[in-house]
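Listed here are the chains, written in short residue letters.
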Amino acid sequence: MKTILVIEDDETIRSNLLEILDLEGFRVMGAEHGASGVRKAKAYLPDLILCDIRMPELDGYGVLEELRSHVSTAAIPVIFLTAKCEHQEIRHGMNLGADDYLIKPCSVSELLDAIASRLTKRTAIAQLYANEQRQAVEALQRGATFDPLTSLPSRGLLCQQIQRWTSEQAPVSLAKFQNKNGAIFREAHGAIAIFCLNIHRFRSVNASFGYATGDILLKMVAHRLAKLADSHGLLARLNSDEFGIVLTHNPQEAEVTELAQQIINSIGSPFKINGQEVCIQISLGITLTQNLAQHPEHLISQAETARHWCKQHGQSYCFYTSSMDELEVERRLIEMDLTKAIERAEFQVHYQPQVNLKTGEIVGMESLLRWKHPGRGMISPATFIPIAEELGLIIPLGEWVLKTACQHAKVWQQWNSVPLRVSVNLSMRQFQQEGFVDRIAAILDETGLDPHLLVLELTETCLMQDVKATVSILSKLKSLGIEISIDDFGTGYSSLNYLNSLPIDTLKIDRSFVQHLATSEGANAISTAIVAMAKSLRMKVVAEGVETVKQLLVLQEMGCQVMQGYLYSPAIPIAEVKILLQADRRFQLVSA
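Residues numbered from 1 in each chain as written. Predicted model: local features only at pLDDT ≥ 70, side-chain atom pairs only at ≥ 80, totals over all residues. Heavy atoms only, no water.

*Asks:* Lay out the pattern of salt bridges with the relevant residues and their values.
*Replies:* Applying the stated rule across the entire model yields 20 salt bridges. Between aspartate 99 and arginine 68 there is a salt bridge, and its shortest N-O distance comes to 3.2 Å. Remark: arginine 68 occurs in helix H3 (residues 60-68) and aspartate 99 occurs in the loop between helix H4 (87-96) and strand S5 (100-103); sequence separation between them is 31 residues. Owing to a relative accessible area of 23%, arginine 68 belongs among the partly exposed residues under this scheme. With a shortest N-O distance of 2.8 Å, arginine 376 and aspartate 337 are connected by a salt bridge. (Salt bridge = Lys/Arg side-chain N within 4 Å of Asp/Glu carboxyl O. Helix = DSSP H or I, 4+ residues; strand = E, 2+ residues; numbered from the N terminus. Buried < 20%, exposed > 50% of the residue type's maximum accessible area, 1.4 Å probe, protein only.)

*Asks:* Please give an account of the packing of helix H13 (residues 394-412) against helix H15 (residues 436-447) that cites residues and values.
*Replies:* In a pair of packed helices, the angle between the axes and the distance between the axes together describe the arrangement. Two elements in contact, H13 and H15, have axes separated by 9 Å at closest approach and are oriented at 35°. Crossing geometry of H13 relative to H15 is assigned as right-handed. On H15, the residues that touch Glu399, Leu402, Lys403, Cys406, Gln407 and Lys410 of H13 are Arg439, Ile440, Ile443, Leu444, Glu446 and Thr447. Partitioned by chemical class, the residues of the contact of H13 with H15 number five nonpolar, two polar and five charged. (Axes fitted to C-alpha atoms, helices over the stretch in contact; angles between N-to-C directions. Left-handed = near helix turned anticlockwise from the far one by under 90°. Contact = heavy atoms within 4.5 Å. Nonpolar A, V, L, I, M, F, W, Y, C, P; charged D, E, K, R; others polar.)

*Asks:* If you had to explain the packing of aromatic side chains to someone new, which residues and values would you point to?
*Replies:* Evaluated as defined, the whole model comprises nine aromatic pairs. Note on phenylalanine 80 and tyrosine 101: the rings are 5.5 Å apart at their centroids and 65° apart in plane angle, and the pair reads as edge-to-face. Placement of phenylalanine 80 in strand S4 (residues 78-82) and of tyrosine 101 in strand S5 is noted, with a sequence separation of 21 residues between them. Relative to tryptophan 412, the ring of tyrosine 351 lies with its centre 5.0 Å away and its plane at 90°, an arrangement referred to as edge-to-face. Linking tyrosine 351 in strand S15 (residues 347-356) with tryptophan 412 in helix H13, this pair joins segments that are 61 residues apart in sequence. The exposure class assigned to tyrosine 351 is buried, which follows from its relative accessible area of 0%. Taking NZ or CZ as reference, arginine 224 lies 3.6 Å from the ring centre of phenylalanine 271, over its face. Note that arginine 585 overlies the ring of tyrosine 568, its terminal NZ or CZ placed 4.5 Å from the centroid. (Phe/Tyr/Trp six-rings, centres within 6.5 Å; stacked < 30°, edge-to-face > 60°. Lys NZ or Arg CZ within 6 Å of the ring centre and 35° of its normal.)

*Asks:* Which residues make up the sheet that holds strand S14 (residues 317-319), and what values go with them?
*Replies:* One open sheet holds the five strands; their spatial order is S9-S10-S8-S13-S14, and the pairing between them is mixed. For this open sheet the edge positions go to strand S9 (234-239) and S14, each flanked by a neighbour on one side alone. Ignoring strand direction, the axes of neighbouring strands in this sheet form an average angle of 20°. Sheet analysis places S9 next to strand S10 (residues 242-247), joined by five bridges and oriented antiparallel. Residue arginine 237 lies in a different strand from S10, and its bridge partner there is phenylalanine 243. Running over the sheet, helix H8 (residues 211-229) touches strand S8 (192-199), S9 and S10 and is turned about 10° from S10. (Pairing = 2+ DSSP bridges.)

*Asks:* Outline the sheet that holds S5, listing residues and values.
*Replies:* Judged by pairing direction, the sheet is parallel, and its five strands sit side by side in the order S2-S1-S3-S4-S5 without closing on themselves. Here the strands that pair on one side only, and so sit at the sheet edges, are strand S2 (27-31) and S5. Averaged over all adjacent pairs, the angle separating strand axes in this sheet is 20°, with direction ignored. Pairing of strand S3 (residues 48-52) with S4 involves four bridges; the strand directions are parallel. By the bridge assignment, isoleucine 49 is partnered in S4 with valine 78. Helix H1 (residues 11-23) rests against strand S1 (3-7), S2, S3 and S4 of the sheet, and its axis sits at about 170° to S2.

Next up, the structure:
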């Protein structure tokens, strides 16, 4: 039974309306003025309200405003009763949210038709709201199982699918076996392979091109992976930049290896987004096992452990082995300690001298970050830098290195007879952060270092993310007097296409080429080409990682100007830099 509230100050009209509605089967209640009507509406929440407009104290418009301002009464239909039918009054009421108007006196059929129409509409709205609420719940449930961006299954759904499949494969026999490591598991009739891959420096893609482009990239990665996974197994998005693939048809190692290589090749091809080419790299971890009694999350965790391992060791993909677990535990311990290491002043900046290959004089120092852990001793940058990037600590850490190196360089000018430059490596995230150039200028001003004595080193990958933006930032840095160097030249993407347009001062031959100078024709040819190209563009060349006299002789013959490496000196702390410079120890050059 529907409840109708009649708010009418004329007792005769109010009584007639209540009697008519009661005879029509409605539950009715009356209110003699506006304030009383509002109180009853809030207390009883009727299905519909008939309200006179002209009433003392609180008129119909005031009643409507009061009802619409409260959540509990805002949706109750209100039909105004009025003796006048002026357009201005009707418009005013409609603007406040009135549902209909009845002109007094009205016939019983007009009254009942208006009431039926409003109640029908309210029922329809309630049904629509219920449908929307149900759809919202379904969307939330779907969001828990499917990724809304790529429409791929979520991590949770992937685990369910793995659990379902492994349960189906479980043998009837409950016999248990023990492997060589002492682990107990049920005998299995099949095998399962799980791939876990993530995109390197995906945050930098968002920073360089925007989040919309990042989303498009994720969809395109998902599309390429889906083409490969469709005929093999199930693809899922595990988190923001991580995807998983499960093969459940008793895969063999050869098949898994082939698919891994196909994934590397497919994702390694440039993505064309809004007229720009975006190149990315991935790390791919794989677990292949017949131990189907393991929990799905444990299996995925094994693949993630392998992914961390291959990223740390510079490999494209690798298979999980139990020996990696110890490394994963170590990694997580480093994660916990890394966040506190800056506060505890555990980091140090060491400096590797750069030597002129004509005079033997030191002409510069490259700053290299070192972490002296109170319990583990010196931790390799190759171990903690990738973790710092994942945790988002690379920006504060990089800024600390930059400021410290500038402070030290300002001091060591007193120890050397000629001005001595300091080189500082920049991460992609540092270079792309908002206000980067202003921050560099502030550090130079704070430390008092001559900008001409600062060299900023960036990798090809960093420079090629957004060439137009890169040129703009580099031009601003050059206007300050800072020199720019490309680190690890020849190991990144298509820098050769843009080299002439970038304001670069120095190219650094990567140690991977220098190591094989005396034994590899390919490394020799590439290094020779780099030196020749740099000369034609009036750039300097620095060879890093020089460790043998043979490498030195080859570099001298090519015309390389500067070298650094263990042949002269490893990276040393600032106290030893002072001793080295004050001793004016020149490199004893050799001739062929």
